[in-house]
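Structural characterization, general
The primary structure of each chain is shown beneath.
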Amino acid sequence: MSPDRPQIEVQGLWKVFGDDPQRVFAPEHIDKSRAELQDQLGAVVGLRDVSLEVEPGQIYVVMGLSGSGKSTLARCLIRLVEPTRGAIRFGGEDILDYTSKELTEFRRSQIAMVFQHYGLLPHRRVIDNVAYGLEIQGVDEDTRYRAAHEAIETVGLGGWEDYYPREMSGGMQQRVGIARALAVDPEVLIMDEPFSGLDPLIRRRMQDELAALESQLHKTIVFITHDLNEAIKLGDRIAIMRDGAIVQEGTPEDIVNRPADDYVADFVQDVASMAELRGAPTAEAEAAR
Amino acid sequence: MTAPGDVERAPDERDTAPSAPWRRYAWLPGAAAVLIILGVSLAVWGPGMDFPTTISESRASTQGGGSVVLTETVRERTGETIDGAVDWLTEEGDWLFDGISDAVGRTLVSIEDVLKWVPWPAAIAALALLSFVVGRWRLTAFTTLTLLYIGFMGLWENAIDTIALMVVAVAIALALGLPLGVLGARSRIADGVMRPILDAMQTMPSFVYLLPGILFFGLGKPAGIFATVIYAVPPVIRLTNLGIRQVSPQAVEAALAFGSSPWQVLTKVQIPMAMPTIMAGINQTTLMALAMVTIASMVAAGGLGDDVLRALQKNQPGNGLIAGLAIVFLAIIIDRLTQSIASEQSDRRSAG
């Protein structure tokens, strides 16, 4: 991958749910609103012409209310949801052209995902959960336990290797989820509302830890959230989604200072003090670099 | 994964969306057709009409100079067709049924031989020990006392025959049922095909399975095993299917996101997480097999069912009760043992 090229490049991505999604692209329908398409065609537009670029080492935050398509976008990036149209390039290669074998290889080696509901395997100990990604690649037990152990230490769970997920709190389970993603040493991390299920204190601590972790690891992270504070705190760039489309994209300062429309302005209004926030994320982002 | 109302749920919403108006009235022509047929039939035959059950009617003259009416009914024709098909299968599949019969017979004999070779005190001691390991004192006491009861009542050998029959039948039922359950969980078509067949298998009176058993394998143990397998296999298919379907989609999604192959998703995520439900299915199948093995003594399969059957024929309620109780005790021992083993396995994972 050449250094001047974005790590992830999404171009004109559409996802349409329904029986015959291609109908939406007919010239007489394409400009209709999401509600009109649902009423008239029974087709639900999940993503509408989404384009974005993520530079290596960035935390790219995708923000929106539920139903805005942000989770669909996250799942398209790893093809857990198949896009209807468009392109997703990782280091120049369009992953939508991958055969199922290439896709499996891509998921194993280049990308990892952290889920809102953790998605841990309850019948496996923490160490075997964290080592799962390596286990399915056929890595021998010694090597994968060493990598898993290291990842568990990184997220601050040393000593919990032999516990089962249900014996742990939500915050700790999500640490296991993060450790599992780190253990495979991916280039890109997709984090789908990883802290949304946690109580506010734990959430803030996890955000701080993620920021600190990122300053060491320099992973490319696509971070999904519905919380503007979280977005501003973590994001190098933020994309705000509504009804499946991106309504504004830019740095946290851009979003706060120059909201593109009323929808974004509404979000920004929720943030307590603009002046305070304008300072804080920049300083943190600087520190991270 | 998604909050209520999130777009990922959207495909479901479509179902409740108002459909085209003509669809709402699609039942009207159907209802009209039913009314017309009803009206016409009443007009032609009147309210006392019978079902037309006869296919053909012919007259044949008898030697005495009179004549008789020969009729063939729909039911006769259907029954004969099925009989013919079974006959054909019996003849053409001879080599197959003989082979199966042979293999099953040999397996049974060797299991019986081994079990009968073990001295009864050793067998009781071993089972008591196993009961203690998985279930502590109460189960140990129960196992020991009931096994002694079976021994003192002179039912030991027949009980071993029954257990051997059950073991072989359960082994075959699991070998068929587990893969079919997995198939049903993964393919909607397979599930759609299997579901009505399983419904039928579970509603059919169990004696009916003895008939094809005899036709294919002749009187004896293999026929009993055949009937038992068919009778006992539905629960393990259903519960394997259900267990895999109930595995949290989030766990499956996570496994896929890390690049699991379908086989890895099945063996490392779905089956282990479905294990408590699958074990319940195996337990059900085992108990049903025990029940059917008893009934199978009607086709000379042997075992404790023989004692019950003999008591029935000679009108000896005492003997019937004694043998019946032995079967109940076996069932309870097997049930408690397998359940304890299963729950011990999953205790820690599912505990809060």
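Our subject is the structure that appears above.
Residues numbered from 1 in each chain as written. Chains lettered and ligands numbered in written order. Predicted model: local features only at pLDDT ≥ 70, side-chain atom pairs only at ≥ 80, totals over all residues. Heavy atoms only, no water.

**A look at the overall build of chain B**
Scanning chain B for helices and strands turns up 14 helices and two strands. For chain B, the C-alpha radius of gyration of 28 Å lies well beyond 20 Å, the compact-globule estimate for 352 residues. For chain B, the spread of C-alpha atoms along the three principal axes comes to 80 × 80 × 40 Å. Classification of the 352 residues of chain B by burial places 37% in the buried group. Here the contacts in chain B between residues at least 6 apart in sequence split such that 68% fall between residues at least 24 apart. When the accessible surface of chain B is summed, it comes to about 20300 Å², and 67% of that surface belongs to carbon and sulfur atoms. For chain B, the separation between the mean place of its 23 positive charges and that of its 29 negative charges on side chains is 9 Å. (Helix = DSSP H or I, 4+ residues; strand = E, 2+ residues; numbered from the N terminus. Rg over C-alpha atoms; globule rule 2.2 N^0.38 Å. Buried < 20%, exposed > 50% of the residue type's maximum accessible area, 1.4 Å probe, protein only. Contact = heavy atoms within 4.5 Å. Areas by Shrake-Rupley, 256 points an atom, 1.4 Å probe, with all protein chains shown as cover. Lys, Arg positive; Asp, Glu negative; His and termini not counted. Charge placed at Lys NZ, Arg CZ, Asp CG, Glu CD.)

**Description of the packing of aromatic side chains**
On inspection of all chains with the given rule, the structure shows 13 aromatic pairs over all chains. Judged by centre distance (5.5 Å) and plane angle (85 degrees), the ring pair of Phe97 of chain B and Phe217 of chain B falls under edge-to-face. Of this pair, Phe97 of chain B sits in helix 5 (residues 94-117) while Phe217 of chain B sits in helix 9 (residues 210-217), placing them 120 residues apart in sequence. According to the relative accessible area criterion, Phe97 of chain B is buried, its value standing at 10%. Look at Tyr149 of chain B and Phe329 of chain B: their rings are 5.3 Å apart centre to centre, the planes differ by 85 degrees, and that puts the pair in the edge-to-face class. Of this pair, Tyr149 of chain B sits in helix 6 (residues 120-152) while Phe329 of chain B is found in helix 14 (residues 317-350), placing the two residues 180 residues apart along the sequence. Neither residue differs from the other here; Tyr149 of chain B and Phe329 of chain B are each classed as buried. Chaining the aromatic ring pairs together yields one cluster made of Phe97, Phe216, Phe217 and Phe226 of chain B. Over the ring of Phe25 of chain A we find Arg85 of chain A; its NZ or CZ atom is 3.9 Å from the centre of that ring. (Phe/Tyr/Trp six-rings, centres within 6.5 Å; stacked < 30°, edge-to-face > 60°. Lys NZ or Arg CZ within 6 Å of the ring centre and 35° of its normal.)

**Let's talk about the pattern of salt bridges**
Considering all chains together, one arrives at 24 salt bridges over all chains under this definition. Between Glu253 of chain B and Arg75 of chain A there is a salt bridge, and its shortest N-O distance comes to 2.5 Å. In this pair, Glu253 of chain B sits in helix 11 (residues 249-257) while Arg75 of chain A sits in helix 2 (residues 70-77), so the two residues belong to two different chains. The exposure class of Glu253 of chain B is buried, given its relative accessible area of 11%. Of the charged contacts, one joins Arg203 of chain A and Asp227 of chain A as a salt bridge, the two residues approaching to 3.7 Å between their closest N and O atoms. Highlighted residues: Arg203 of chain A in helix 8 (residues 200-217) and Asp227 of chain A in the loop between strand 8 (220-225) and helix 9 (228-234), separated in sequence by 24 residues. Overall, Asp227 of chain A belongs to the buried group, its relative accessible area being 18%. Through salt bridges with shared partners, a single ionic network connects Arg75 and Asp192 of chain A together with Glu253 of chain B. (Salt bridge = Lys/Arg side-chain N within 4 Å of Asp/Glu carboxyl O.)

**A word on the interface of chain A and chain B**
Of the residues lining the interface, 45 residues belong to chain A; the matching set on chain B comes to 31 residues. Of all residues in chain A, the largest losses of buried area upon contact with chain B belong to His123, Tyr132 and Arg166 of chain A, amounting jointly to 17% of the total for that side. One can count two salt bridges joining chain A with chain B. A salt bridge links Glu135 of chain A to Lys268 of chain B, with the nearest nitrogen and oxygen atoms 2.5 Å apart. Applying the counting rule to chain A against chain B returns eight residue pairs in polar contact (both at pLDDT 80 or more). Of all the secondary-structure elements, those providing two or more residues to the side of chain A that touches chain B are helix 1 (34-41), strand 2 (44-54), helix 2, helix 3 (100-109), strand 6 (111-114), helix 5 (132-135) and helix 7 (170-183) of chain A. Tallied by class, residues from the side of chain A that touches chain B come to 17 nonpolar, 16 polar and 12 charged. (Buried area = accessible area lost by both parts, 1.4 Å probe. Polar contact = N/O pair within 3.5 Å; in protein donor to acceptor, adjacent residues only side chain to side chain. Nonpolar A, V, L, I, M, F, W, Y, C, P; charged D, E, K, R; others polar.)

**Overview of a negative patch on the surface**
Residue and element names in this part refer to chain B. Side chains of Glu76, Glu80, Asp83, Asp87, Glu91, Glu92, Asp94 and Asp98 sit close together on the surface and give a patch of like negative charge. Only helix 4 (74-92) and helix 5 provide two or more residues apiece to the negative patch. In terms of residues, the negative patch owes the most to one element, helix 4, which gives six residues. With respect to the secondary-structure elements, Asp83 resides in helix 4. (Patch = residues over 30% accessible without salt bridge, like charges linked within 9 Å, V, L, I, M, F, W, Y side chains within 5 Å.)

**Brief notes about the sheet that holds strand 8 of chain A**
All names here are of chain A. With mixed pairing, the six strands of this open sheet are ordered in space as 6-7-8-3-9-10. Edge positions in the open sheet fall to strand 6 and strand 10 (245-250), since each of these has one partner strand only. Geometrically, the sheet is characterised by an average inter-axis angle of 20 degrees between neighbouring strands, direction not taken into account. (Pairing = 2+ DSSP bridges. Axes fitted to C-alpha atoms, helices over the stretch in contact; angles between N-to-C directions.)

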